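Reading the structure
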Amino acid sequence: MKTKLSLLILTFLFGIVQLFAQDQFTLAKEGQPAPDFTYEMNDGKTQKLSQLKGKVVWITFFATWCGPCRKELPHLQKDVYEKFGNRNDFELLVIGREHSWEEINKFKKEQNFNLPFYPDPKREIYSKYAGQNIPRNFIIDKTGKIVVSSVGFNEEEFQKYIEKTAELLKK
């Protein structure tokens, strides 16, 4: 009985900490315009987020060493990229916080991913969206407004983000 109560209390406290972390460290909030940024493409050219207006954009911030990120990325590939990646009105940006092209490409090859990864070696992009904690997902509607802002990985919640994306793509 004591074990169950202790576990319940720990679960509750963890939930409170997660809620606090979302509020305290999330800089880009739902309902706000997505902060614009420039990112480097594979071919060395750059692109701005604002150039993707008219598309639903899913941004994921991750790190290769992050356990929850490693759990989330296969779902991102199978349930998001393979489902929506070939659409003209959808863009997925998987951004490696504090990673170089070399690190990302090595990780991508080792893990057998074909997701569109981009480096953010100095946290220049990440710092517009959050102060701490990964993985983070931001889903942006076709007008450039953030409709989903999440931290951490929860499979049930992740499925809701996929449903929201499908709904946005119908508009």
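Here, every reference points to the structure presented above.
Described below are features of the structure shown in this document. (Residues numbered from 1 in each chain as written. Predicted model: local features only at pLDDT ≥ 70, side-chain atom pairs only at ≥ 80, totals over all residues. Heavy atoms only, no water.)

1. Section: the nonpolar core
- Within the largest apolar cluster, 47 residues are counted, with the highest numbers of intra-cluster contacts made by Leu49, Trp58, Ile59, Leu93 and Tyr129.
- Residue contributions to this core peak at six residues, all from strand β3 (residues 56–62).
- With sequence-adjacent residues up to four places away left out, Ile59 is seen in contact with Phe37, Leu49, Leu93, Ile95, Tyr129, Arg136, Asn137, Phe138 and Ile140. (Core = buried A, V, L, I, M, F, W, Y, C linked by side-chain atoms within 4.5 Å. Buried < 20%, exposed > 50% of the residue type's maximum accessible area, 1.4 Å probe, protein only. Helix = DSSP H or I, 4+ residues; strand = E, 2+ residues; numbered from the N terminus. Contact = heavy atoms within 4.5 Å.)

2. Some details on helix α3 (residues 101–111)
- For α3, the set of buried residues is Trp101, Ile104 and Phe107. In an axial view of α3, the angular spread of the buried residues amounts to 135°, which keeps them on one side of the axis. Among the exposed residues of α3, those pointing more than 90 degrees away from its buried face are Glu102, Lys106, Lys109 and Glu110.
- Structurally, α3 contributes buried residues whose contacts are with β1 (38–40), β3, α2 (67–84), β4 (90–97) and β5 (117–120).
- Looking one or two residues beyond α3, the residue adopting positive phi is Asn112, at roughly 60°. (Arc of directions from axis to C-beta.)

3. Overview of the layout of surface pockets
- For the second largest pocket, the calculated volume is near 160 Å³.
- As for the second largest pocket, its lining consists of 16 residues, and the residues nearest its centre are Ala34, Leu49, Ser50, Lys53 and Gly144.
- Class assignment of the residues belonging to the lining of the second largest pocket gives a composition of seven nonpolar, four polar and five charged. (1 Å grid on protein atoms, 1.4 Å probe; cavity = no way out; pocket = protein on both sides within 12 Å on 5 of 7 lines; lining within 4 Å. Points joined across faces, edges and corners; volume = space filled by probe spheres on them. Nonpolar A, V, L, I, M, F, W, Y, C, P; charged D, E, K, R; others polar.)

4. Some thoughts on the pairing of β5
- Burial of β5 is two-sided: the residues Phe117 and Pro119 facing one way and the residues Tyr118 and Asp120 facing the other way are all buried.
- Of the pairings in the sheet, the one linking β4 to β5 comprises four bridges and is parallel in character. Residue Gly96 lies in a different strand from β5, and its bridge partner there is Pro119.
- As for the winding sense of the linkage, the β-α-β connection from β4 through α3 to β5 is right-handed. (Pairing = 2+ DSSP bridges. Right-handed = clockwise from strand over helix to strand, strands pointing away.)

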